[in-house]
Structure formats: structure tokens, C-alpha cells
Amino acid sequence: MRHCRQCVEPDTRPGQQFDESGLCAPCRFHAEAPEVDWDARQRELDEVVGWARQRRTRGYDCALGVSGGKDSTRLAMFAREAGMNPLLVSCTCPPEMMTDRGARNLSNLVSLGFDLVTVNIAPETYRKLMLTGFRDFGNYCRATEIALYASIPRIAVAYGIKLVCLGENPFVTVGTGCGSNDADASALLSMNTLGGGDITPFITPDTPSKLLNWYKFPRPEELERAGVKMIFLAHYIEHYEDQNNAEYAKQVGLEIRTGRDADIAETGCLYDYCALDEDFIFINQMLKYFKMGSALVSQQTSMQIRHGRMTRDEAIDLVKRYDGRVHPRFIDRFCRFLRITPETFQEIAERYRNHDIWMRDNHGEWRLRKQVDDPDGYATAAE
């Protein structure tokens, strides 16, 4: 396991690429990208908007995926400011999983003057697929993420909408491969977490194919036949990043985390404006920590380093103290939702700990073989 020379991103992230000098893909992209010609991007956006509006059939220019959080709030407002009438699409998690805060934020987004379609998947099916993802992949989001992304183009096709808008390009922000480094989102399914959209591992007698319609991403030929184009809308928004989006969204009514729910020692998350609609994301980050040796704090501090708001030493301190942390109360809730015991949870989670990067110390405690501050811990392309 090696880390980026500039930030704290590891080479264990699927799709991550390091250059010969030891820079991760996002750091290299940030360093080498020429100064953005925002006038040119505005002209490009105007062309996209014009293309979509010319093909409007039911009053909507685009379908935009939202959760009600900081990013989707800014994206929705930007889409409207750009001259589009977006139909917001939210694939919500089951009531047992969704926070009251998340429901209020989604309602706030509607109150700002948008039409919203919510996709509410049968909770029992959702739960079964989460359990399968957790047990068989060490990733409870494996199927639910497909539904999250698939619901947007499926709604677009159903409503005759030609433009699908997503948020940021994950290759540019964290180095996860998605087929482009610009606004083109046509190769979205190449993202590791979506697994190419393959749901065959989830088709069982308990969850037959007929119950999984919302988990089926439209085939490329279906999207082509419907004339649907997919873009990362954030590509056209200047200063689009977590902190700016949060400040903007709070001004128009976003409700953030407070108290223990915002405590980094309990969530493994630096900020009070993240993961507002559900808490299980912290379990997912813990599992990433077991598999990759890094989690949300590594990702968040790396972004701060690139924006010049944090030094690498400051990031290292936060990563070593908080990365992958999750309070047992979140694990207990997760276990109750999946109807498993804490012992079963621990047995499954440990099954996915990567022993190539983890080892037990003299006290029997797990620790990373290579710490983020190891002097020989920089990655190079050759490694």
C-alpha cells in the first residue's frame, strides 16, 4: 500500500492511477489542468441546454438526480439558473433507514419550486439486496447504488426527457474510473461500485428478476434509441466542491448534522453537512477502510489539500485519528435493519479485511502495515 505524494489518497482505490512522480489522478489532474476558460464552458453549457430544450416534450429539459443534500440543492438551482426546467428524481432509501433530517431536506428542495419524482423501492427487497451485497461483496451499496443511478435515466426514458444530469465526475474528484475526465457521463457504469450494472448475483428465489426493475440500468441501445444524453452537470459550475456547496445550500434551507451526529470521533466524517439522509454510509466507509486502508477522512482531507486549505501533515493527523471510525450505535442500527446479530456483522466485516495491508501488532490489535506517514510510503507508477 502506497499513498499519494501530495495528498493522502492510497493506491488501493479501484481505478486509481499514480504517475511516475507519485501523484494520484485527482492531484495530477488538479495540478496539470489549464486554467479553466469559464466563458468557453458557458458556451458549451448553452449548447447542451439548447439541445435539451429543443427536444423537450413534456415540459422538462432534464432529469436530475437528487437526495436533498448540499450537492443536489446546488445542482438543482444551477440547472434552473442555466435556463432549464429540471425534473428532480430521488431514489429514496426505506423509511427505517432514512433520517428525519433527510426527509425534511428533500421537502425543502421541493419548496424551492421544483417538481420531484421519488422512487420508493419495496423495503423488503431493498433490505434483502443490501444483505446480499454486504455478505457477498463486503459492500451493502452494491445493488442500491445501481438503483440510485439507474432510476434517473429510467425516469428520463419514461417521461421522454433527453438529458440526464448527474453531479460531479468521480474520476476528477477521487480517481474512480468512469470513462471520462470531463462532462461526459455516458460510461457511468464503468464505476467500480456499479459493477457494470450487473444484477445477476442478486437474482435469487427470494428476489426474482421481476422484483428488480429499478435495479436494471437501461441498456446502451435503449438509451440510444430514446436519444438520451448523460452529463456531469458539475463540470459547468465554477467553485463546485463540498464546502462551497454546503454554504450555498444552507442559505436556502439545508438542515445539517448537529450534536453527536456531527462528531467526527463517532462518524469518521469531518463535516456536519455530509450524509444527511442516512447514517449507514459510515458503515460503508468502515468496510472501505478494511478493504482499502482508507475511508472518508482520507478522501475529505485530500480534497482540502488540493484546494490549499490543509497541509499534508494536518491531513495525516486527522486520518490516523479518525479514518474508518464508526460508533457502535450505527452498527447496531444497521444490524437491526438487516436483521442480523452484531456477531454476524463482525464476522462478515472481518472477512473483507485486506490482510495484504493489515496486520496484528504485539497486542493483537489490527494496524496498517504501511501508515500514511511512512517515509517510504509514496506510490509510483512502477509499483
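The structure contained in this document is the topic of the report that follows. (Residues numbered from 1 in each chain as written. Predicted model: local features only at pLDDT ≥ 70, side-chain atom pairs only at ≥ 80, totals over all residues. Heavy atoms only, no water.)

Here we take up the overall build of the chain. When helices and strands are counted, the chain shows 15 helices and 7 strands. A compact globule built from 383 residues would reach a C-alpha radius of gyration of about 21 Å, and the chain, at 21 Å, matches this within 12%. Seen along its three principal axes, the alpha-carbon backbone of the chain occupies a region of about 65 × 55 × 40 Å. Scored against the burial criterion, the 383 residues of the chain give a buried share of 53%. (Helix = DSSP H or I, 4+ residues; strand = E, 2+ residues; numbered from the N terminus. Rg over C-alpha atoms; globule rule 2.2 N^0.38 Å. Buried < 20%, exposed > 50% of the residue type's maximum accessible area, 1.4 Å probe, protein only.)

This part covers the environment of Tyr 215. Within the secondary structure, Tyr 215 sits in the loop between α7 (170–173) and α8 (220–226). On a C-alpha basis, the gap between Tyr 215 and Ile 146 in space is 5.7 Å, while along the polypeptide they are 69 residues apart.

Another point: the pairing of strand β1 (residues 62–65). Where β1 lies against strand β2 (residues 86–92), 4 bridges are found, and the strand directions are parallel. Bridged to Ala 63 within β2 is Leu 87. Note on the crossover from β1 through helix α3 (residues 70–81) to β2: the handedness is right-handed. As defined by bridge partners, β1 adjoins strand β4 (residues 163–166) across 2 bridges and the pair is classed as parallel. Residue pairing in the sheet places Ala 63 in a bridge with Val 164 of β4. (Pairing = 2+ DSSP bridges. Right-handed = clockwise from strand over helix to strand, strands pointing away.)

To continue, consider helix α2 (residues 38–54). Look at α2: 24 Å from first C-alpha to last across 17 residues, which is about the 24 Å you get at 1.5 Å a residue. Taken residue by residue, α2 has Leu 45, Val 48, Val 49, Trp 51 and Ala 52 as its buried positions. End-on, the buried residues of α2 take up no more than an arc of 160 degrees, which puts them together on one face. Residues of α2 that are exposed and point more than 90 degrees away from the buried face comprise Asp 39, Arg 43, Glu 47 and Gln 54. For α2, the elements touching its buried residues are α3, β4 and β5 (229–232). Between the side-chain oxygen at the start of α2 and the backbone nitrogen of Asp 39 there is a gap of 3.2 Å, and the oxygen is on Asp 37. (Expected span 1.5 Å × (residues − 1). Arc of directions from axis to C-beta. Contact = heavy atoms within 4.5 Å. Polar contact = N/O pair within 3.5 Å; in protein donor to acceptor, adjacent residues only side chain to side chain.)

This brings us to the sheet that holds strand β3 (residues 115–120). In spatial order, the strands read β3-β2-β1-β4-β5; together these 5 strands make up an open sheet with parallel pairing. Bordering the open sheet on either side are β3 and β5, each of which pairs with just one other strand. Each strand axis lies, on average, 25 degrees off the axis of its neighbour in the sheet, ignoring direction. Helix α6 (residues 141–159) rests against β1, β2, β3 and β4 of the sheet, and its axis sits at about 140 degrees to β2. (Axes fitted to C-alpha atoms, helices over the stretch in contact; angles between N-to-C directions.)

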